[in-house]
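# Tertiary structure, described
Listed below, chain by chain, are the residues.
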Amino acid sequence: MDLEERIARRRSARQGRAVVVDHDQLSPVVHRPDPIGRGPVLEQLLDALEAVFDGELPPPVAVVGPSGSGTTAIVTALFGALNERLGEPTRAIGTTTRAASSKPVTWFIHVDGRRVESDFAFYRTVLSVVSNNHVPESGVGTADLRDRLAERLSRPDRKAIVAIDHHDEPQTLSYGRVRELLEPLADSVSTVAVGQEPPDEWTDDQPIVTVPAYRQHELVDVLTDRVSTGLAAGSLDHQTIRDVAIWADGNAHDALAVLFSAASLATEEGSDRIEPEHLETARADVPDESVHLDRVLTLSETRQQVLADFVTVDSEEQPIRAVATEIAERSELTRGTVKRFIYELADQGIIERVPLEATGSGRRPSAVVPRFPTIAFEELTE
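Residues numbered from 1 in each chain as written. Predicted model: local features only at pLDDT ≥ 70, side-chain atom pairs only at ≥ 80, totals over all residues. Heavy atoms only, no water.

Under the annotation held in an unreviewed UniProt entry, the protein chain carries the name Cdc6-related protein, AAA superfamily ATPase and is attributed to Natronorubrum sediminis.

Shown next as structure tokens:
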């Protein structure tokens with residue numbers, strides 16, 4: 001974003017006295033195309049992919065880092081830039097090539113395991129990047145998509161690097177399964193595993209690029225950049241940004257969730273700046289080791305609606321059956337279905353079961369509490 005656009009945003013916001021200029025700039029689920037403070041990690045990943053500059057396939061590589069360290073942002077930014085140089089045409093990851101091209105091509109494809117759970121969806125995601133033609137969403141079989149992909153990569157001067165992101169989370173496509181799906185194309189495709197840990201089958205001699213948690217000054221730079229374009233001038237001071245960065249302890253997701261939530265609270269109250277009480281409430285709303293909001297937003301619409309009702313219920317002091325009853329009364333779902341969803345979400349770590357005091361003999365009842373920032377979730381799902 002150039003300087004004139006920054007100035008125009010600020011001027012427009014101050015005329016309307018709005019706190020938030022651009023929600024996306026503050027959103028913890030939106031990645032900027034230019035990761036701040038990650039130059040050394042980008043160089044390490046480029047080293048691991050060095051072979052592509054000679055037209056060869058690099059060995060598989062793992063990119064690992066704790067939650068909120070920016071692993072996804074790093075991979076998507078680098079893949080977008082590499083596609084501009086080594087793929088065709090000149091746009092980011094989702095582009096296709098011109099039919100008349102005859103030069104060597106290497107495509108860089110980011111597959112979000114949170115959103116691509118089936119074999120069909122995986123092949124369709126990869127094929128939609130490398131194909132000249134529209135890839136149908138239905139009406140064809142998985143084998144047909146695999147054959148189309150194999151045909152597209154049949155020339156020796158066509159290769160693909162496929163990154164499977166969040167492979168180590170529950171309910172996502174595993175790295176091992178991705179390798180199985182790509183086995184018929186092994187001579188044309190290499191892989192990048194992106195997650196908090198390397199795949200279980202990773203060996204000691206396979207390369208790993210480690211993304212550390214943000215250092216304090218790096219996270220301050222990230223937040224300052226986001227605030228400078230996301231909030232109106234004067235709505236938040238630099239010391240407060242530093243305080244949030246210290247509190248977040250290197251986790252950019254949690255830090256952005258606090259700022260995003262605090263800005264939402266200030267807007268709701270009609271305030272023209274973010275006050276300390278807004279920040280205090282926002283910090284209290286982000287659990288320790290919180291679940292990334294993007295993971296919550298990839299749940300089915302029905303489960304998201306259950307969570308939307310759940311966060312408005314006083315769930316900490318009520319047993320699960322009572323919470324399920326209250327949610328069911330607000331929706332078209334039965335209590336049994338809601339209860340089943342609650343247990344599923346607890347098993348996935350989206351919410352957490354906590355024991356209640358026993359009221360007599362028998363099994364001790366449990367309550368449930370959210371493991372994600374609820375204020376930001378409500379704002380993002382509105």
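We now examine the overall build of the protein chain. When you go through the protein chain residue by residue, the secondary structure sums to 16 helices and seven strands. Here the C-alpha radius of gyration of the protein chain, 23 Å, is about what a compact globule of 382 residues would show, namely 21 Å. Oriented by its inertia axes, the alpha-carbon framework of the protein chain measures out at about 65 × 60 × 40 Å. Here the protein chain holds 382 residues, and the buried ones make up 49% of them. In the protein chain, 67% of the contacts between residues at least 6 apart in sequence involve partners at least 24 apart. Summed over its atoms, the accessible surface of the protein chain is roughly 18,500 Å², and 45% of this surface lies on carbon and sulfur atoms. (Helix = DSSP H or I, 4+ residues; strand = E, 2+ residues; numbered from the N terminus. Rg over C-alpha atoms; globule rule 2.2 N^0.38 Å. Buried < 20%, exposed > 50% of the residue type's maximum accessible area, 1.4 Å probe, protein only. Contact = heavy atoms within 4.5 Å. Areas by Shrake-Rupley, 256 points an atom, 1.4 Å probe, with all protein chains shown as cover.)

Under the UniProt annotation, "domain: Cdc6 AAA+ ATPase-type lid" (unreviewed entry) lies at residues 221-283. The span residues 221-283 is 75% helical and 0% strand by assignment, and the distance between its end C-alpha atoms comes to 20 Å. (UniProt positions renumbered as here; feature names shortened; annotations may be inferred.)

Quick look at the packing of aromatic side chains now. One pass over the structure, following the stated rule, counts four aromatic pairs. Ring geometry for Phe79 versus Phe108: centroids 5.4 Å apart, planes at 65°, classification edge-to-face. Note that Phe79 is positioned in helix α4 (residues 71-86) and Phe108 in strand β2 (residues 105-112), a separation of 29 residues in sequence. By relative accessible area, which is 1% here, Phe79 ends up buried. Across the ring face of Tyr214, the terminal group of Arg38 is positioned such that the distance to the ring centre comes to 3.9 Å. (Phe/Tyr/Trp six-rings, centres within 6.5 Å; stacked < 30°, edge-to-face > 60°. Lys NZ or Arg CZ within 6 Å of the ring centre and 35° of its normal.)

Turning our eyes to something else, we now look at the sheet that holds strand β1 (residues 61-64). Taken together, the five strands give an open sheet; going across it, the order is β2-β3-β4-β1-β5, and neighbouring strands pair in parallel fashion. Edge strands, defined here as strands with exactly one partner in the open sheet, are β2 and β5 (208-210). Along the sheet, successive strands turn relative to each other by an average axial angle of 20°, direction set aside. Relative to strand β3 (residues 158-165), β2 runs parallel, the two sharing eight bridges. (Pairing = 2+ DSSP bridges. Axes fitted to C-alpha atoms, helices over the stretch in contact; angles between N-to-C directions.)

Burial along β1 is two-sided: Val61 and Val63 and Ala62 and Val64, pointing in opposite directions, are all buried. Here four bridges tie β1 to strand β4 (residues 189-195), and the two strands are oriented parallel to one another. Across the sheet, residue Val64 finds its bridge partner in β4, namely Gly195. Relative to β5, β1 is paired through three bridges, and the arrangement is parallel. Along β5, the bridge assignment pairs Val64 with Thr210.

Right, let's talk about the pairing of strand β7 (residues 366-370) for a bit. As a general feature of sheets, a regular strand has side chains that alternate between the two faces. The buried fraction of β7 amounts to four of the five residues, a majority that puts the element mostly inside the structure. Bridge analysis of strand β6 (residues 351-355) against β7 gives five bridges, and the strand direction is antiparallel. Looking at the pairing, Arg353 lines up with Val368 of β7.

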